Amino acid sequence: MSPQELRAEVARIPWWHHINLGNGIVTPGRDHEKSVPKLDRLALPDLTGKTVLDVGAWDGFFSFEAERRGASRVLATDYFCWDHGGWGTKAGFELARRALDSKVEDMDIDVMDISKEALGGSFDVVFFLGVLYHLRHPLLALERMAEVTDELLIVETHADMLFTKRPAIAFYETTELNGDETNWCGPNLAALEGMLRAAGFKRVELVWNRPFYLRAARALRQRLKTGAPLLSSLQQGRMTVHAWK
Ligand SMILES: C[S@@+](CC[C@H](N)C(=O)[O-])C[C@H]1O[C@@H](n2cnc3c(N)ncnc32)[C@H](O)[C@@H]1O
């Protein structure tokens, strides 16, 4: 495919990720968290020779990055945004895979259906990025992740209840979080750590959380845009944890 043809194909797709496809073509993702800065917040270990599972991969930015970093095998899975009623399609993933001449494998599967049997085995490293808070049953989902993780699970998630020291999870019945009815829960760090240990991980380490000044800036924006109470929004953030088997 020529760069002109690729550019035209890229323009036809509603992208989530910013993926560099070469020849100056970067997909115009609408992820407000931005793919490349988000990558820095994952504190990825050396992936050389590792098998990697990317759950909720969507356009596949993190899957392709794992492959680029030397993973021996990468499986990207998704369901909701791969043509099952979500905010996107699988077209971006498929085009990027072709353009990058990538060997990343794919499987359409709901998070809650993931098991060793369904995937045909387990993986050294599992990415669970931006998915947990979209699920109605977060602890059950983390148990599913534990079953297919051999070494390390990386969880990146929306967080809430950050002024509460005890383990706590905010529950969003409808569109309370960002006007999005697919957002169901926001754990604080103690709850996420506890759930991960209960799911079978031995050691859980916080590797990144959104600094307070950025949470304050977001809370102000929310206040101006939707009238959301400052104290509630200030308790919300993002965090990344590494959970070791
Ligand atoms: C906010 S996007 C995050 C995409 C990507 N992991 C990232 O961090 O940029 C949430 C992803 O989770 C997927 N997802 C949500 N619920 C799901 C479910 N029940 N089963 C499978 N995937 C799901 C969506 O399709 C979407 O790709």
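Scroll up a little and you will see the structure.
Residues numbered from 1 in each chain as written. Predicted model: local features only at pLDDT ≥ 70, side-chain atom pairs only at ≥ 80, totals over all residues. Heavy atoms only, no water.

Section: the site of the ligand
- Close contacts around the ligand come from 19 residues, with His-17, Lys-38, Gly-56, Asp-78 and Leu-129 the closest.
- His-17 places a polar side-chain atom, nitrogen or oxygen, 2.7 Å from an oxygen atom of the ligand.
- In this structure, an oxygen atom belonging to the ligand sits 2.8 Å away from a main-chain N or O atom of Cys-81.
- Coverage of the ligand by the protein amounts to 95% of the 580 Å² it exposes when considered alone.
- When the residues that make up the shell around the ligand are grouped by side-chain class, the tally is twelve nonpolar, four polar and three charged. (Near = heavy atom within 4 Å. Polar contact = N/O pair within 3.5 Å; in protein donor to acceptor, adjacent residues only side chain to side chain. Areas by Shrake-Rupley, 256 points an atom, 1.4 Å probe, with all protein chains shown as cover. Nonpolar A, V, L, I, M, F, W, Y, C, P; charged D, E, K, R; others polar.)

Points about the sheet that holds strand S2 (residues 73-78)
- Within the open sheet, the seven strands sit side by side as S3-S2-S1-S4-S5-S9-S8. Their pairing is mixed. With partners counted over all chains shown, the strands left at the sheet margins are strand S3 (105-108) and strand S8 (203-209), one partner each. Taken pair by pair, the neighbouring strands of this sheet meet at an average axis angle of 20 degrees, ignoring direction.
- In terms of strand pairing, S2 meets S3 through four bridges, oriented parallel. Bridging from a neighbouring strand, Leu-75 pairs with Glu-105 of S3. (Pairing = 2+ DSSP bridges. Helix = DSSP H or I, 4+ residues; strand = E, 2+ residues; numbered from the N terminus. Axes fitted to C-alpha atoms, helices over the stretch in contact; angles between N-to-C directions.)

With respect to the layout of surface pockets
- In this structure, the second largest pocket occupies an estimated 220 Å³ of space.
- Among the elements of the structure, helix H2 (35-40) and helix H3 (61-68) are those that each provide at least two residues to the lining of the second largest pocket.
- For the lining of the second largest pocket, the element with the most residues is H3, which contributes five residues.
- For the lining of the second largest pocket, the per-class residue count stands at six nonpolar, three polar and three charged. (1 Å grid on protein atoms, 1.4 Å probe; cavity = no way out; pocket = protein on both sides within 12 Å on 5 of 7 lines; lining within 4 Å. Points joined across faces, edges and corners; volume = space filled by probe spheres on them.)

Looking at the side chain of Arg-97
- You can see Arg-97 is positioned in helix H4 (residues 91-99).
- Of note is the side chain of Arg-97, whose polar atom sits 2.8 Å from the side chain of Asp-106.
- The residues touching Arg-97, leaving out its near neighbours within four places in the chain, are Phe-64, Ser-102, Val-104, Glu-105 and Asp-106. (Contact = heavy atoms within 4.5 Å.)

Section: the packing of aromatic side chains
- Within this structure, the stated rule accounts for seven aromatic pairs.
- Between Phe-64 and Phe-93, the aromatic rings sit 5.5 Å apart at their centres with planes inclined by 20 degrees, giving stacked as the arrangement. In this pair, Phe-64 sits in helix H3 while Phe-93 sits in helix H4, placing the two residues 29 residues apart along the sequence.
- For Phe-64, a relative accessible area of 6% translates into the label buried.
- On the basis of relative accessibility, which here comes to 0%, the residue Phe-93 falls in the buried class.
- Ring centres of Trp-82 and Phe-93 lie 5.1 Å apart, and the angle between their planes is 45 degrees; on these two criteria the pair is classed as tilted. Remark: Phe-93 occurs in helix H4 and Trp-82 occurs in the loop between S2 and H4; sequence separation between them is eleven residues. (Phe/Tyr/Trp six-rings, centres within 6.5 Å; stacked < 30°, edge-to-face > 60°. Buried < 20%, exposed > 50% of the residue type's maximum accessible area, 1.4 Å probe, protein only.)

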